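Examining the three-dimensional arrangement
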Amino acid sequence: MTIKSFYLPTRIYFGPGARRKLSSFLQAGDRVLVITDQGLVQSGTIGKLEEVLNEIGCLWEIFNEVPANPQALDVEKALKVARDFKVTAVVALGGGSPMDVAKVVSALITNGGRLEEYQWEGKPFTLPGIPLYMLPTTAGTGSEVTQVAVIVDRATKKGIRSEKLLPLASFIDPELMLTLPPFITAITGMDALTHAIEALVARGSHPLTESWAATAIKLLGQYLRRAFAAGDDLRAREQVAMASTLAGAAMDQAGLGIVHALAGPLCSHYDIPHGLANAILLPWGMEYNLVAVPEKYAYIATLLGKKTKGEIRARAREAVTAVRELLSDLELPSTLADFLKEKKNLNQLAQEAANMPLASSNPRPVSVSVCEAILEKVLR
Ligand SMILES: [Fe+2]
């Protein structure tokens, strides 16, 4: 029997206005570095956080230069601001990129050294970081409850995994997501669905992760279309946000699979948003895995609202149909061909995908030829 575990010490606050619970952790005189991006400054979303910090009486500095795929250099810039300001806490406001930069800044302040020393197979963080708080503004990445930070280094997305990167508290506040445009809502929501589906069928799954993943799938099936269609639907935003956090925790503990393995090199080498790559790869990855765990896919079909009956293979296949219908309703493309016109790199991409560490948790072995065949399909 394999021993499995579930470790999530992060305190989670959830619901409209949850950001105000920061007052339970910060106090007057605390020196806070807010890590965010320019979009959230321009949209005025940052004002909702500044209001809370003002009420508490914190002093704060804003680092708003986090790009879409942050690099080691961006971490160094944020770290310098943090050290110069003599921060006592780090608050991330944003999607996965600001949250991931905030994680490593918090850990590097106490552990010292350079980011590269800690990336995959590097040395471990031994000390807890300075207090770290997360306010996600997208519902997809799940970074607010994961031990991973993904930073681009030398053109390859590299992760750092450490329990020391888990925030002290995360505030899942749908009021911070109301202005998210439909396309971003769709692709981040599909990222969350991919986390949930891959976690549910992953080799590392167990009853605790399966129940979190299953609830996430059900909520996304019920509410993602609504959040896409009407961004100001607070109830839909709230449920999709909850699903994203559940899915993030489930994948962090259970592992991912072939879809994320393929999305990794695709997004590193080409300018493809992570959620969009996952969305388009997901049905193909599911089709490949069906034969390994058909009963789980039949369960996913019911979670996505399919009234399944008949033999197990047909019921499992309904899960793929449900995902394709969702993609169509979210008005997402069915191919990545526009992003990747030169097919000569497919074998290299497939090799990189098959070598991704997370491919090992896929329920079926992930070979180079399987990856290449799926890439051919999504590039049609
Ligand atoms: Fe993802």
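Under an unreviewed UniProt entry, the name given to the protein chain is Alcohol dehydrogenase, and the source organism is Thermanaeromonas toyohensis ToBE.

Moving on, we get to the pattern of salt bridges. Enumeration over the complete set of coordinates arrives at 15 salt bridges. Ionic pairing is found between Lys-80 and Asp-84, a salt bridge with its closest N-O pair at 2.7 Å. Here Asp-84 and Lys-80 lie together in helix α3 (residues 72-85), a separation of four residues that amounts to about one turn. Overall, the relative accessible area of 53% leaves Lys-80 in the exposed class. On the accessibility criterion, Asp-84 (52% relative accessible area) is exposed.

This brings us to the sheet that holds strand β2 (residues 31-35). Taken together, six strands build an open sheet; the order of strands is β1-β8-β5-β4-β2-β3 and the sheet is parallel. Two strands bound the open sheet, and with one partner strand each, they are β1 (11-14) and β3 (59-63). When strand polarity is set aside, the average angle formed by the axes of neighbouring strands in this sheet is 20 degrees. Where β1 lies against strand β8 (residues 169-172), four bridges are found, and the strand directions are parallel. Paired with Tyr-13 across the bridge in β8 is Phe-171. The strands touched by α3 are β2 and β3; relative to β3, the strand with the most contacts, the crossing angle is about 160 degrees.

A few words on α3. In this model, α3 (14 residues) spans 20 Å end to end at C-alpha, consistent with the 20 Å of a helix rising 1.5 Å per residue. Ala-72, Asp-74, Val-75, Ala-78, Leu-79, Ala-82 and Phe-85 are the residues of α3 that are buried. For α3, the angular spread of the buried residues around the axis is 150 degrees, confining them to a single face. Exposed residues pointing more than 90 degrees away from the buried face of α3 are listed as Leu-73, Lys-80 and Asp-84. Positive phi appears at Lys-86, one or two residues downstream of α3, with a value of about 55 degrees.

What follows covers the coordination of the iron ion. Distances from the iron ion to its protein donors, namely Asp-191 (OD), His-195 (NE2), His-260 (NE2) and His-274 (NE2), fall within the range 2.2 Å. Coordination at the iron ion is irregular, judged from the four donor atoms that bind it and the angles of 85 to 170 degrees they form at the metal. Positions of the donor residues of the iron ion along the chain correspond to the pattern D-x3-H-x64-H-x13-H. Taken together, the positions of His-195 in helix α5 (residues 182-201) and His-274 in helix α9 (residues 274-289) put the pair 79 residues apart, joining distant regions of the chain. For His-195, a relative accessible area of 3% puts it in the buried group. For His-274, a relative accessible area of 27% corresponds to the partly exposed category.

At a minimum axis separation of 8 Å, α5 and helix α7 (residues 234-254) run at an interaxial angle of 40 degrees. Considering their axes alone, α5 and α7 lie oblique with respect to each other. Judged by the twist between their axes, the crossing of α5 over α7 is left-handed. Residues Thr-185, Ala-192, His-195, Ala-196 and Ala-199 of α5 form the contact with α7, whose participating residues are Arg-237, Ser-244, Ala-247, Ala-250, Met-251 and Ala-254. Class assignment for the residues of the contact of α5 with α7 results in seven nonpolar, three polar and one charged.

Among the six residues in strand β4 (residues 89-94), six count as buried, and that is most of the element. Residues Ala-89, Val-91 and Leu-93 point to one face of β4 and Val-90, Ala-92 and Gly-94 to the other, with burial holding for every one of them. Of the pairings in the sheet, the one linking β2 to β4 comprises four bridges and is parallel in character. Its bridge partner lying in β4, Leu-33 is registered against Val-90. Of the strand pairs in this sheet, β4 and strand β5 (residues 132-136) are connected by five bridges, and their pairing is parallel. If you follow Gly-94 over to β5, its bridge partner there is Pro-136.

With that settled, the discussion passes to the state of the cysteines. Tallied over the entire structure, the rule returns zero disulfides. Here Cys-371 is not disulfide-linked; the sulfur of Cys-267 is the nearest cysteine sulfur, at 14 Å. Note on Cys-371: relative accessible area 0%, which makes it buried.

Its identity as a non-glycine residue notwithstanding, Lys-86 has a phi of 55 degrees, on the positive side. Turning to its location among the elements, Lys-86 is positioned in the loop between α3 and β4. A relative accessible area of 62% places Lys-86 in the exposed class. Positive phi outside glycine occurs at Glu-331, with the angle close to 60 degrees. Following the sequence through the fold, Glu-331 ends up in the loop between α11 (312-329) and α12 (346-354). Judged by relative accessible area, which is 64%, Glu-331 ranks as exposed.

Reading guide: rules and limits
Residues numbered from 1 in each chain as written. Predicted model: local features only at pLDDT ≥ 70, side-chain atom pairs only at ≥ 80, totals over all residues. Heavy atoms only, no water. Salt bridge = Lys/Arg side-chain N within 4 Å of Asp/Glu carboxyl O. Helix = DSSP H or I, 4+ residues; strand = E, 2+ residues; numbered from the N terminus. Buried < 20%, exposed > 50% of the residue type's maximum accessible area, 1.4 Å probe, protein only. Pairing = 2+ DSSP bridges. Axes fitted to C-alpha atoms, helices over the stretch in contact; angles between N-to-C directions. Contact = heavy atoms within 4.5 Å. Expected span 1.5 Å × (residues − 1). Arc of directions from axis to C-beta. Donors = N, O, S within 2.8 Å, 3.2 Å for Na, K, Ca; no water. Tetrahedral: all angles 85-135°; square planar, octahedral: opposite > 155°, others 65-115°. Parallel < 35°, antiparallel > 145°, perpendicular 65-115°, else oblique. Left-handed = near helix turned anticlockwise from the far one by under 90°. Nonpolar A, V, L, I, M, F, W, Y, C, P; charged D, E, K, R; others polar. Disulfide = S-S within 2.5 Å.

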